[in-house]
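Structural overview for review
Here is how the chains run, residue by residue.
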Amino acid sequence: MPNFDFKRRDFLRTGAAGLAAGALPLSLAKQAKAAGDLTIGVIYVGPKDDFGWNQAHAVAMDILKGVEGVTVVEEESVPETDACAKSMESMINLDGAGLILGTSFGYYIPFMQDLAAKYPEVVFRHAAPLWSDADPANAGSYFCYLNQAHYVDGVAAGLSSPTGKIGFVAAKPIPSVLSNINSVLLGARSVNPDATVQVIFTGDWSMPVREAEAANALVDAGCDVLTCHVDGPKVVIETAEARGVKSCGHNASQAPLAPNGFITGAEYKWETIYKMYADMLATGEPLPNIVVGGYHNDMVQNTTYGAGATPEAIAAADAAIAALKAGEPIFTGTLKDNLGNVVIDKAYDNYDPHLDGMDYLLEGVIGSIT
Amino acid sequence: MDAEASPPKPQRAFGAETLRSVEALVVPVGSVLASALLFSVFLLVLGKDPVQFFQLLWKGGFGTSFSIQNTLQRSAPIILTGLAFAVPATIGLTMIGAEGPLVIGGFAAAAAAIPLVTIGAPTSVLLALMAAAAMAAGALLIMLVGWLRHARSVNETISSLLLTYIAIATMNFFVEGALRDPSSQNKPSTLPIGKDNMIGSIPGTDVHWGLAAGVILAVLIGLLLRRTTFGFAARVTGGNPHAALAQGLPVGGLILACTAISGAVAGLAGFFEVAAIHGQANASLVAGYGFTGILVSFLARHNPFVVVPIAIIFGAIDASGGLIQRRMDLPDATSALLQGLIFITLLASETLLGRFRMFQPVEAR
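These figures come from a predicted structure and were not determined experimentally.

The helix and strand tally for chain A stands at 12 helices and 15 strands. Each principal axis of the C-alpha distribution contributes one length, and for chain A these read about 70 × 50 × 35 Å. Across chain A, contacts joining residues at least 24 apart in sequence account for 66% of those joining residues at least 6 apart. Distance from the positive charge centre (23 side chains) to the negative charge centre (43 side chains) of chain A: 6 Å.

Right, here's the structure in full:
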């Protein structure tokens, strides 16, 4: 029967693909165990000491550097152009890298996708939830949902702010940023129903002058807590401190920048993932294609409370962390956007894909995404 | 010495022209060596090994076939942006905004592709129209600068730089708004033209066709500027616009033509970024190639033929930068520092031209 043949062929193909997928991580494991071992190539989009996104990765990378037989080679300030593809290929061809970690969003499509197909023996992992079944089996993603820590920021800010007016300096109106803004609002409103978040978009990831202008404008508008989602939060935090208002951090710890006004900050905990990778490499286990997480699996954290946090804010924030660890949802009930449309009508799990496409600011956020 | 008193009589084996070419080669090469020496001092101060540095520079730039392709790929866009600076420089305009036409050209190409991809136009038609849109958009932008210079006496350096920001903002406005592909959630981009529609590599290599386009255009533009009456008129205008006007040369037309060529070439660089690399327009188009082109053109002394080898040297420095970071634990700014040193010593060396007795014809000594 022709149909039967067809199915069998399909089955064989699938089986072969499965075997190939299984064999890839094995060869990686073999490399890791053999003498000479595994070289891991890491690329960053900015400087490794930017007080932000890149620093959060670079600091966590020490975990991998500590694994016996593993050599880590790093390249910073690699742009999201074909230059990143060439950097990765250079690591593969000239350094013999067997695992590539790309830490910036724009590295994946099309560059890491293409390279994963071109170098099937090399394993690729990328720090954004972009991998899908259609992508090569030797590629993969890892990501932390930072909005959970921003929610905690909002709780602490809501109880540390005398006016309840929080200012937010944001880079671009894209889902991950909007999710953080909305989470700050929901956190603040959970303890102070009148709290508002006023947002200013700077238009790009690293715009220090505009970030300072935006921070000053928000303070002038009456905000007494500032937070942000830009690559390097240093400018916003320092401006807040200089203007005598409180602040919440983003990406990495900015506590040393604001000894008087720092409340807490949303931090990635990439070391959890890198530690997991390191353990798997040491035992020869294949790396999973997708790892995502938040508070429930120790992949985000809040910076140790600073002088700006009131005792009741600390208590409420600790309670919020406990609730998030237990899986309590942030986006729940009936919520409207700030144009009056109902955008949330039920409780969404904190990892629900529906939330990944967020394209609105909730009611209570002052600002516009257009 | 008075030439009339003693009519030139070649008394040496080399004529004046040969000596001048030798000088034009020895002085820049010497200054590059001087910058390498200065840079070695810098490395020694940091406690790093200069020999290892230059070995890695060679290995990463030219040492393996992968390295050579890496170098050529990186030099492709800066050949084009180098030419985009060299052409207006010939007519005396310091146009520092090739980044603007590159970005707006790339954006125009991606925008033109949207309806064509939607109706399923054949690849050749699609690419031709994209290239045309890119060149037209780039040309219009830089012609505006030329027109402002000629008709309104607006400084072209300032206006071209400011228009760069307007070009980038215009692209961002559309890419993050009306022309955004809804599936590009966290990195706003236009609709991808699709893998099948993209320009492939030059056969047998990993290098896209932008390199070939750059080399061909360098030759064509070189011939145009050095071997035609148009080029002669442009150079006269560059030398002295008032004299050119007095001679009845169409200065305004020449300026518009040169700025159009400049913008079109930079726009073409943007087209290749979209059609060969990204497949769509997004913020990654703003990669600084336009500004690197300024260095390339200056080092080539605005000679289109020389732009190609200089761009390849810059491509090699870029290509080896990562290897140097990784192996020597040097910050990424190291390559930029080397490029800057080469630039400064070469510019400084220009003042040495004509100062060495050994390069002067005997009768002029």
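The next point concerns the packing of aromatic side chains. All names here are of chain A. Counting across every chain of the model gives 17 aromatic pairs over all chains. When the ring of Tyr142 is compared with that of Tyr274, the centres are 5.6 Å apart and the planes differ by 70°; the resulting orientation is edge-to-face. Placement of the pair is Tyr142 in strand β5 (residues 141–144) and Tyr274 in helix α10 (residues 270–283), with a sequence separation of 132 residues. The exposure class of Tyr274 is buried, given its relative accessible area of 0%. Through a chain of ring-to-ring contacts, the aromatic side chains of Trp53, Tyr142, Tyr268, Trp270, Tyr274 and Tyr277 assemble into a single cluster.

Where interface size is given, it is often the accessible area lost as the parts come together that is meant. Between chain B and chain A, the residue contacts involve 29 residues of the former and 31 residues of the latter. Of the roughly 2,700 Å² buried where chain B meets chain A, counting both sides, 48% is carbon and sulfur surface. Looking at the side of chain B facing chain A, the largest losses of area belong to B:Phe66, B:Asn186 and B:Arg326, adding up to 28% of the total buried there. Across the contact surface, chain B and chain A share 8 salt bridges. Put simply, A:Lys172 and B:Glu176 hold a salt bridge, and the shortest N to O gap is 3.1 Å. Scanning the region where chain B abuts chain A turns up 14 residue pairs in polar contact (both at pLDDT 80 or more). Mapped by element, the contributors of at least two residues to the side of chain B that touches chain A are α2 (50–63), α3 (65–90), α10 (251–278) and α12 (304–328) of chain B. A per-class count over the side of chain B that touches chain A returns 8 nonpolar, 11 polar and 10 charged.

All names here are of chain B. Along the chain, Ile104 falls in helix α4 (residues 99–119). Since its relative accessible area comes to 13%, Ile104 is described here as buried. Setting aside chain neighbours within four positions, we find Ile104 in contact with Ala137, Gly138, Leu141, Ala167 and Thr170.

This next bit is on the layout of surface pockets. Residues and elements named next belong to chain B. One number sums up the size of the second largest pocket: a volume of about 970 Å³. Broken down by secondary-structure element, the contributors of at least two residues to the lining of the second largest pocket are α1 (16–45), α2, α11 (289–299), α12 and α13 (333–349). Broken down by element, the lining of the second largest pocket gets its largest block of residues, 11 residues, from α1. Looking at which domains feed residues into the lining of the second largest pocket, each of domain 1 (1–48 + 350–365) and domain 2 (49–329) gives three or more.

The subject of this paragraph is the packing of helix α8 (residues 208–220) of chain A against helix α9 (residues 234–242) of chain A. Any two packed helices are characterised by the angle at which their axes cross and by the distance between the axes. Residues and elements named next belong to chain A. Their axes nearest at 9 Å, the elements α8 and α9 cross at an angle of 35°. Remark: the crossing between α8 and α9 carries right-handed chirality. Judged by residue contacts, Pro208, Glu211, Ala212, Ala215 and Asn216 of α8 engage Val235, Val236 and Thr239 from α9. Considering only residue class, the contact of α8 with α9 consists of 5 nonpolar, 2 polar and 1 charged.

Here we take up the environment of A:Asp318. Tracing the backbone shows A:Asp318 in helix α11 (residues 311–325). C-alpha separation for the pair A:Asp318 and A:Ala156, spaced 162 residues apart in sequence, amounts to 9.1 Å.

All names here are of chain A. Inspection of the secondary structure puts Lys269 in the loop between β10 (262–268) and α10. Residue Lys269 is classed as buried on the basis of its relative accessible area, which comes to 17%. Within the structure, the side chain of Lys269 is placed 2.9 Å from the side chain of Asp298, a separation counted as a polar contact. Setting aside residues no more than four positions away along its own chain, Lys269 makes contact with Asp298, Met299, Val300 and Gln301.

Another aspect to go through is the sheet that holds strand β7 (residues 196–201) of chain A. All names here are of chain A. Spatial ordering of the open sheet is given by β12-β10-β9-β8-β6-β7-β15, a layout of 7 strands whose pairing is mixed. Edge positions in the sheet fall to β12 (300–302) and β15 (365–366), since each of these pairs with one other strand and no more. With 2 bridges joining them, β7 and β15 adopt parallel strand pairing. Looking across to β15, one finds that Val197 is bridged to Val365. Seen against the sheet, α8 touches β6 (165–170), β7 and β8 (225–229) and runs at an angle of roughly 165° to β6.

With that settled, consider the confidence of the model for chain A. Do not read the fine detail of predicted coordinates wherever pLDDT is low. For chain A, per-residue confidence averages 89 on the pLDDT scale, and 90% of positions sit at 70 or higher. Contacts of residues 1–36 of chain A to residues separated by more than four positions or lying in other chains number 26 contacts, the stretch itself having pLDDT below 50.

Residues and elements named next belong to chain A. Taking every second residue as pointing to the same face, both faces of strand β3 (residues 99–102) are buried, with Leu99 and Leu101 on one and Ile100 and Gly102 on the other. Sheet analysis places strand β1 (residues 38–43) next to β3, joined by 4 bridges and oriented parallel. Residue pairing in the sheet places Ile43 in a bridge with Gly102 of β3. In this view, the connection linking β3 to its parallel neighbour strand β4 (residues 123–126) by way of helix α5 (residues 108–118) has right-handed handedness.

Summed over all chains, the structure comprises 19 salt bridges over all chains. For the salt bridge of B:Lys187 with A:Glu80, the shortest nitrogen-to-oxygen distance reads 2.6 Å. Of this pair, B:Lys187 sits in the loop between α6 (156–175) and α7 (210–227) while A:Glu80 sits in the loop between β2 (70–75) and α4 (82–95), each in a different chain. Each member of the pair B:Lys187 and A:Glu80 is classed as buried. In this structure, B:Glu350 engages B:Arg301 in a salt bridge whose closest nitrogen and oxygen atoms are separated by 2.9 Å. Linking B:Glu350 in the segment after α13 with B:Arg301 in the loop between α11 and α12, this pair joins segments that are 49 residues apart in sequence. When salt bridges that share partners are traced, they join A:Lys48, A:Asp62, A:Lys65 and A:Glu74 into one network.

Residue and element names in this part refer to chain B. For chain B, the domain assignment lists domain 1 (1–48 + 350–365) and domain 2 (49–329). Just the C-alpha atoms count here: the centres of domain 1 and domain 2 sit 32 Å apart. At the interface, 9 residues of domain 1 touch 7 residues of domain 2. Summed over both sides, the interface of domain 1 with domain 2 buries roughly 690 Å², with 66% coming from carbon and sulfur. Seen at the junction of domain 1 and domain 2, the total is 1 salt bridge. Put simply, domain 1 and domain 2 have 2 residue pairs in polar contact (both at pLDDT 80 or more) between them. Broken down by class, the residue content of the side of domain 1 that touches domain 2 amounts to 5 nonpolar, 2 polar and 2 charged.

Rules of the game
Residues numbered from 1 in each chain as written. Chains lettered and ligands numbered in written order. Predicted model: local features only at pLDDT ≥ 70, side-chain atom pairs only at ≥ 80, totals over all residues. Heavy atoms only, no water. Helix = DSSP H or I, 4+ residues; strand = E, 2+ residues; numbered from the N terminus. Contact = heavy atoms within 4.5 Å. Lys, Arg positive; Asp, Glu negative; His and termini not counted. Charge placed at Lys NZ, Arg CZ, Asp CG, Glu CD. Phe/Tyr/Trp six-rings, centres within 6.5 Å; stacked < 30°, edge-to-face > 60°. Buried < 20%, exposed > 50% of the residue type's maximum accessible area, 1.4 Å probe, protein only. Buried area = accessible area lost by both parts, 1.4 Å probe. Salt bridge = Lys/Arg side-chain N within 4 Å of Asp/Glu carboxyl O. Polar contact = N/O pair within 3.5 Å; in protein donor to acceptor, adjacent residues only side chain to side chain. Nonpolar A, V, L, I, M, F, W, Y, C, P; charged D, E, K, R; others polar. 1 Å grid on protein atoms, 1.4 Å probe; cavity = no way out; pocket = protein on both sides within 12 Å on 5 of 7 lines; lining within 4 Å. Points joined across faces, edges and corners; volume = space filled by probe spheres on them. Domains from an automatic or database assignment. Axes fitted to C-alpha atoms, helices over the stretch in contact; angles between N-to-C directions. Left-handed = near helix turned anticlockwise from the far one by under 90°. Pairing = 2+ DSSP bridges. pLDDT = per-residue confidence, 0-100. Right-handed = clockwise from strand over helix to strand, strands pointing away.

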